[in-house]
Every structure is written in C-alpha cells, then in structure tokens.
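Listed below, chain by chain, are the residues.
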Amino acid sequence: MPIRPQHRFLYPLDWPSISQAIRFGRAKGRCETCRRRHGDDIRQLPDGRWYDTETDIWRDDQGRAAPDPSLLEMIAVTLKHVVLAACHVNHDRSNCSDNNLAGWCGRCHLRHDRPEHLRQRRLTYLRRRALGDLFDGSYPIL
C-alpha cells in the first residue's frame, strides 16, 4: 500500500528496503497469517475461505485446511489479487523493529487494523461535530 504524502515523515528513509526484507526475505512472499502468496489471483468466499491451487484444498483465514464449499456457497466466490504489505503490528509507524513488523496480505492487514480504523473513524466524526458546533451549527458529512 503506498504511503500517503502527509504520513511520509513518520517512516524511516530506508522504508522501501525494510518493507522488501520483511515481505520477501522473512515472509518469503507469503502472508504470515493465512499463507496467501503475493501476486496470486485467488478464489475467495465471503467468509474468508480461499482456494489454494498449490495443494488443491480450501483454506481458512489462518491458512488451515477448511471444508469444501457447497454448490450454493460457490455462487459467492470472487477473484482477489493478493498483495503483501509490511505492517506495523502495534500501529506505531516509527517502530520498525523486526518484532513489530509483519508481512500480511490486504485481508489480514485490514482485519488486524479494524479496531484502529474504528477508533480513527470515531475521532473523525467527533472532530466534524465539534467544528460544526463552533462555526455553523451543522454537521457536515464529508
């Protein structure tokens, strides 16, 4: 995932090489949680199960073997492109130690960051409400 320009100062100058080392050195091009391979196009169900073409089995979000979907469940299969990212486990972008970084696919990264995203969303809503109270009394949605 590209770094937003306003957040670039939070990362070290050698972040591209650190990210590369985590994603392809330590993780060997696979998500460290679910074992999806970087660059693959996978078939995925809404519950997170995905088809591993290497072993010809369905896997769950933790990379364990999962039951085959029924014919009705197969209707909901979508094709997803897997991209690995180097992620900060404790959400502190300035801490780039090996034990604070993980190589995760987009799905695992979003699942891990969900509580933080909800916290940020709440702060954004409160900030907008406060600005509305201070200036015009309305609460802008955007």
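Refer to the preceding data block for the structure.
Predicted model, so just to flag it, every value in this text is computed and none were measured.

1. Digging into the pairing of strand S6 (residues 84-88)
Then, in step 1: Buried residues dominate S6, accounting for five of its five residues.
Then, in step 2: Burial along S6 is two-sided: Leu84, Ala86 and His88 facing one way and Ala85 and Cys87 facing the other are all buried.
Then, in step 3: Where S6 meets strand S7 (residues 101-105), five bridges bridge the pair, whose relative direction is antiparallel. Counted as the bridge partner of Ala86 is Gly103 from S7.

2. Structural notes on the environment of Ala27
Then, in step 1: Along the chain, the position of Ala27 falls in the loop between helix H1 (15-26) and strand S1 (41-44).
Then, in step 2: Separated by 86 residues in the primary sequence, Ala27 and Asp113 place their C-alpha atoms 19 Å from one another.
Then, in step 3: In contact with Ala27, not counting residues within four places along its chain, are Ile22, Glu32 and Arg35.

3. Topic: the nonpolar core
Then, in step 1: Formed by Cys31, Cys34, Ile42, Trp50, Val82, Leu84, Ala85, Cys87, Ala102, Trp104, Cys105 and Cys108, the largest nonpolar core amounts to 12 residues.
Then, in step 2: Going through the elements one at a time, S6 and S7 are the ones with two or more residues in this core.
Then, in step 3: Excluding residues that lie within four positions of it along the chain, Trp104 makes contacts with Cys31, Glu32, Thr33, Val83, Leu84, Ala85, Cys87, Val89, His109 and His112.
Then, in step 4: Membership of the second largest hydrophobic core comes to seven residues, among which are Tyr11, Ile18, Ile22 and Cys96.

4. Quick look at the packing of aromatic side chains
Then, in step 1: The tally for this structure, following the rule as stated, stands at two aromatic pairs.
Then, in step 2: Relative to Trp15, the ring of Tyr11 has its centre 5.2 Å away and its plane inclined at 55 degrees; by these criteria the two rings are tilted.
Then, in step 3: Trp15 gets classed as buried once you look at its relative accessible area, which sits at 9%.

What counts, and where the lines are drawn
Residues numbered from 1 in each chain as written. Predicted model: local features only at pLDDT ≥ 70, side-chain atom pairs only at ≥ 80, totals over all residues. Heavy atoms only, no water. Buried < 20%, exposed > 50% of the residue type's maximum accessible area, 1.4 Å probe, protein only. Helix = DSSP H or I, 4+ residues; strand = E, 2+ residues; numbered from the N terminus. Pairing = 2+ DSSP bridges. Contact = heavy atoms within 4.5 Å. Core = buried A, V, L, I, M, F, W, Y, C linked by side-chain atoms within 4.5 Å. Phe/Tyr/Trp six-rings, centres within 6.5 Å; stacked < 30°, edge-to-face > 60°.

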